[in-house]
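As a plain string of letters, each chain reads:
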Amino acid sequence: NGSSAKQINGNNISKPKDCGIMFYTSSADEVNRNVITKPKNVGIVVMVGSNAKKISGNKINSAAAMGINIASVTSDMEISLNTVKACNTAQIYVQVDSKNRISVNDNNITGKSGTQGIWAATGNVSITGNTVKKCYHGVLVNAGVKGVFGGNKLSGNKVNSSIGGKDAGKALTAPKGV
């Protein structure tokens, strides 16, 4: 809370009681090469006036909610080269205002039935070059989200992608804990 760091890297975090790594009015330049397994809430969360400029190369498995949750950040961010598997709500979830650009690229995501792969609920979000499989929606972009979507490898999802469609607007609500 209220702290900053250059890097948070190389940690092995197993079964944390809430989140593996949480930013709350805090910041870091890089969050990389962390392994987070079975958090009771979220693997990595950046929220409430925080920022983590680059989240990359992390492995997150079986979070009770989301693998990576980005909400209410203070700067542009890059989320890349992460492996996220079997989280219960969304593998990567982004809900930010449109003044900051969030880049979600080159991640490897394997969900599970009924979950979202990459979910951009609000903001200016670029979603490119990701591999997403075994989710309900591979990539879900709610109506009103600005940004770029393309070059993703989507397979084995019930719906590979929904961009501002009826699914996004009517059937889905923000996940618990957001």
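Because the structure is a prediction, the values reported are computed rather than measured. (Residues numbered from 1 in each chain as written. Predicted model: local features only at pLDDT ≥ 70, side-chain atom pairs only at ≥ 80, totals over all residues. Heavy atoms only, no water.)

Quick notes on the overall build of the protein chain
Now for step 1: Each helix and strand in the protein chain was counted, giving 1 helix and 21 strands.
Now for step 2: Taken over C-alpha atoms, the radius of gyration comes to 14 Å for the protein chain, in line with the 16 Å a tight globule of 178 residues would show.
Now for step 3: Oriented by its inertia axes, the alpha-carbon framework of the protein chain measures out at about 40 × 30 × 30 Å.
Now for step 4: Across the protein chain, the fraction of contacts at a sequence separation of at least 24, relative to all contacts at a separation of at least 6, is 48%.
Now for step 5: On the protein chain, roughly 8,000 Å² of surface is accessible, and the fraction owed to carbon and sulfur atoms is 46%.
Now for step 6: Separation between the mean location of the 21 positive side-chain charges and that of the 8 negative ones in the protein chain comes to 10 Å. (Helix = DSSP H or I, 4+ residues; strand = E, 2+ residues; numbered from the N terminus. Rg over C-alpha atoms; globule rule 2.2 N^0.38 Å. Contact = heavy atoms within 4.5 Å. Areas by Shrake-Rupley, 256 points an atom, 1.4 Å probe, with all protein chains shown as cover. Lys, Arg positive; Asp, Glu negative; His and termini not counted. Charge placed at Lys NZ, Arg CZ, Asp CG, Glu CD.)

Description of the sheet that holds strand β9 (residues 66-71)
Now for step 1: Spatial ordering of the open sheet is given by β3-β6-β9-β12-β15-β18-β21, a layout of 7 strands whose pairing is parallel. Either end of the sheet is taken by a strand with one partner, and the two such strands are β3 (21-24) and β21 (159-163). Adjacent strand axes in the sheet meet at a mean angle of 5 degrees when their direction is disregarded.
Now for step 2: Of the pairings in the sheet, the one linking strand β6 (residues 44-47) to β9 comprises 3 bridges and is parallel in character. Across the sheet, the residue bridging to isoleucine 44 is isoleucine 68, located in β9. (Pairing = 2+ DSSP bridges. Axes fitted to C-alpha atoms, helices over the stretch in contact; angles between N-to-C directions.)

Points about the side chain of serine 75
Now for step 1: Assignment of secondary structure puts serine 75 in the loop between β9 and β10 (77-80).
Now for step 2: Residues within four places of serine 75 in sequence aside, it is in contact with Asn51, Lys53, Asn100 and Ile102.

Section: the sheet that holds strand β17 (residues 131-133)
Now for step 1: With respect to topology, 7 strands assemble into an open sheet ordered β2-β5-β8-β11-β14-β17-β20, the strand pairing being parallel. Of all the strands in the sheet, the pair left with one neighbour each is β2 (12-14) and β20 (153-155). Across the sheet, the mean angle separating the axes of adjacent strands is 5 degrees when strand polarity is ignored.
Now for step 2: Where β2 lies against strand β5 (residues 35-37), 3 bridges are found, and the strand directions are parallel. In the strand pairing of β5, serine 14 is matched with threonine 37.

Things to note about a positive patch on the surface
Now for step 1: On the surface, Lys59, Lys85, Lys133 and Lys134 cluster together into a patch of positive charge.
Now for step 2: Within the secondary structure layout, lysine 133 lies in strand β17.
Now for step 3: The class of lysine 133 is partly exposed, set by a relative accessible area of 33%. (Patch = residues over 30% accessible without salt bridge, like charges linked within 9 Å, V, L, I, M, F, W, Y side chains within 5 Å. Salt bridge = Lys/Arg side-chain N within 4 Å of Asp/Glu carboxyl O. Buried < 20%, exposed > 50% of the residue type's maximum accessible area, 1.4 Å probe, protein only.)

Here we look at the pairing of β6
Remember that side chains alternate between the two faces of the sheet whenever the strand is regular.
Now for step 1: Pairing of β3 with β6 involves 4 bridges; the strand directions are parallel. In the strand pairing of β6, isoleucine 21 is matched with isoleucine 44.

Topic: unusual backbone geometry
Now for step 1: Phi angles above zero are rare outside glycine, and serine 62 is one such case at about 60 degrees.
Now for step 2: In this structure, serine 62 sits in the loop between β8 (59-61) and β9.
Now for step 3: Assessed through its relative accessible area of 25%, serine 62 is described here as partly exposed.
Now for step 4: Even without a glycine there, the phi angle at alanine 86 is positive, about 55 degrees.
Now for step 5: Relative to the elements of secondary structure, alanine 86 occurs in the loop between β11 (83-85) and β12 (90-95).

Here's the deal with the environment of alanine 120
Now for step 1: Structurally, alanine 120 is set in strand β15 (residues 116-122).
Now for step 2: Separated by 107 residues in sequence, alanine 120 and isoleucine 13 place their C-alpha atoms 26 Å apart.
Now for step 3: Those residues in contact with alanine 120, other than ones at most four positions away along the chain, are Val94, Val125, Ile127, Leu140, Val141, Asn142 and Val145.

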